[in-house]
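Overview (structure and organization)
Residues per chain are reported as follows:
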Amino acid sequence: MDLLAALGRARAGARVETEKAYLVESRLAPLARREGYDSIDALIAALRAKREERLIWAVVEALCRGDTTFFRGREAFAQLRDEVLPALSLRRRDTPIRIWSAACATGQEVYSLAMAAVEAKGLATGTRFEFFGSDLSERALEKAQAGIYTQFEVQRGLPIRMLVKYFENQDDTWAISPRIRQMVRWKRINLLADLSAMGRFDVILLKGVLRGMDASMRSKVVESLTALLPPDGVLVVDAEDDLSEFEDLLTAAPGRAGVYLRDPSVRPAVAA
Amino acid sequence: MKTCLVVDDSRVIRKVARRVLEDIGFEIAEAADGMEALAWCRAAMPDAVLLDWNMPVMNGIEFLRQLRGEPGGDAPKVVFCTVENSVDHIRAALEAGADEYIMKPFDGDIIQAKFAEAGLL
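Computed from a prediction, not measured in an experiment: that's the story for all the values here. (Residues numbered from 1 in each chain as written. Chains lettered and ligands numbered in written order. Predicted model: local features only at pLDDT ≥ 70, side-chain atom pairs only at ≥ 80, totals over all residues.)

Some thoughts on the overall build of chain A
When helices and strands are counted, chain A shows 10 helices and 10 strands. Here the C-alpha radius of gyration of chain A, 19 Å, is about what a compact globule of 272 residues would show, namely 19 Å. Based on the C-alpha atoms only, the size of chain A along its principal axes is roughly 60 × 50 × 30 Å. Taken over 272 residues, chain A has a buried fraction of 42%. Within chain A, contacts between residues separated by at least 24 positions form 71% of all contacts whose residues are at least 6 apart in sequence. (Helix = DSSP H or I, 4+ residues; strand = E, 2+ residues; numbered from the N terminus. Rg over C-alpha atoms; globule rule 2.2 N^0.38 Å. Buried ≥ 20, exposed ≤ 12 C-beta atoms within 10 Å, placed from the backbone. Contact = placed C-beta atoms within 7 Å.)

As for helix 1 (residues 2-12) of chain A
Residues and elements named next belong to chain A. Buried residues of helix 1: L4, G8 and A12, and no others. Each buried residue of helix 1 lies within a common arc of 35° when the element is viewed along its axis, so the set occupies one face. Pointing more than 90 degrees away from the buried face of helix 1 are the exposed residues D2, A6 and A10. In the stretch just after helix 1, G13 is the one whose phi turns positive, near 70°. (Arc of directions from axis to C-beta.)

Some remarks on the sheet that holds strand 4 (residues 77-82) of chain B
All names here are of chain B. The strand order 2-1-3-4-5 describes an open sheet built from 5 strands, whose pairing is parallel. Looking along the sheet, the strands with just one partner apiece sit at the ends: strand 2 (26-31) and strand 5 (100-103). Neighbouring strand axes in the sheet, compared pairwise and without regard to direction, differ in orientation by 20° on average. In this sheet, strand 5 lies alongside strand 4 in parallel orientation, the contact comprising 4 bridges. From the neighbouring strand, F80 faces strand 5, where its bridge partner is Y101. Set on the sheet, helix 5 (residues 108-117) makes contact with strand 4 and strand 5; between it and strand 5 the angle comes to about 165°. (Pairing = 2+ DSSP bridges. Axes fitted to C-alpha atoms, helices over the stretch in contact; angles between N-to-C directions.)

Examining the UniProt feature "modified residue: 4-aspartylphosphate" (unreviewed entry) in chain B
Residue and element names in this part refer to chain B. UniProt annotation of "modified residue: 4-aspartylphosphate" (unreviewed entry) refers to D52 when read in the numbering used here. Counting through the fold element by element, D52 comes out in the loop between strand 3 (48-51) and helix 3 (60-69). Judged by the 27 C-beta atoms lying within 10 Å of it, D52 is buried. In this structure, D52 is in contact with V7, D8, D9, G60, C81 and T82, ignoring residues within four places of it in sequence. (UniProt positions renumbered as here; feature names shortened; annotations may be inferred.)

Here it is, written out as structure tokens:
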């Protein structure tokens, strides 16, 4: 257990809640099976003995995997659709609005925002969007990219009208329509790495990440992501994440939905 | 307290749904088919209806069409809860005036999420 906690922290800055045995169990058991070990203990023993990079990453990915739903934190999505995106579209006449889901897990978040963008009203004509999804986990990204969800997954957070409009039913699974899927590009990114070459992003979503990080990692991630935002850019975190310690960098938008403005003195994208 | 009419020909499903809905603060009435449900609604219009599709006597979609024609029948939020999971069924339900749609099998989280979606929580 100590080994797992140490790996999680060193490789991904994540606080692995090893006291929650069921969580570790449910995440590592499938991995142990896949790798041909009889039990989680056997997997950990192998980890200790071999220190094999590939296996270490597989374990870190499994431990840090986010659980997500469509439109998680729905107030933030409504604010983005109704206020942030229309305001940005008026200012980005010639360049696309670039949106990054920085810990996209299995893709529900970035697809939710792509659907919200398609549904947004009051966009300037010719507005273009570029969506990016990144995650630490290759397996999560593979699933995200495929855009195929179980019946259980599409019933968590997704309004039925949007299911009918943006998904195709294939037996017991639901595939997001190619039109939405093709709006998104994917890449494996560790948020603790140097992000300065990522380019500018107008909106960055970072959900399900900060609460599992210790203070120094949290600062590093928030600061390096904020550095990618233009003056009217927006960072979206979980509603329960409190970023008041970064008040020099970010100001909470009204509504307490986890939407933070880069610089409120530039007329904010979110109406006060 | 908001009221929810649970309409399903399976007593087991009604019992499971009752438990979930009572936990999120609804007072529950039960009906085993569409005709029985319609009688309930004529006596006292509920705030919500959790509605199965395939039932004897009167099925869910027929009940919904009749309900929406009743005085005050446009008020209840109607959430289908059925094994029918084709897009055609879902479209037909929405056209008939359903607010949300649950595909069985369901669990408590799904009921809660869909009731929130329908504006009931």
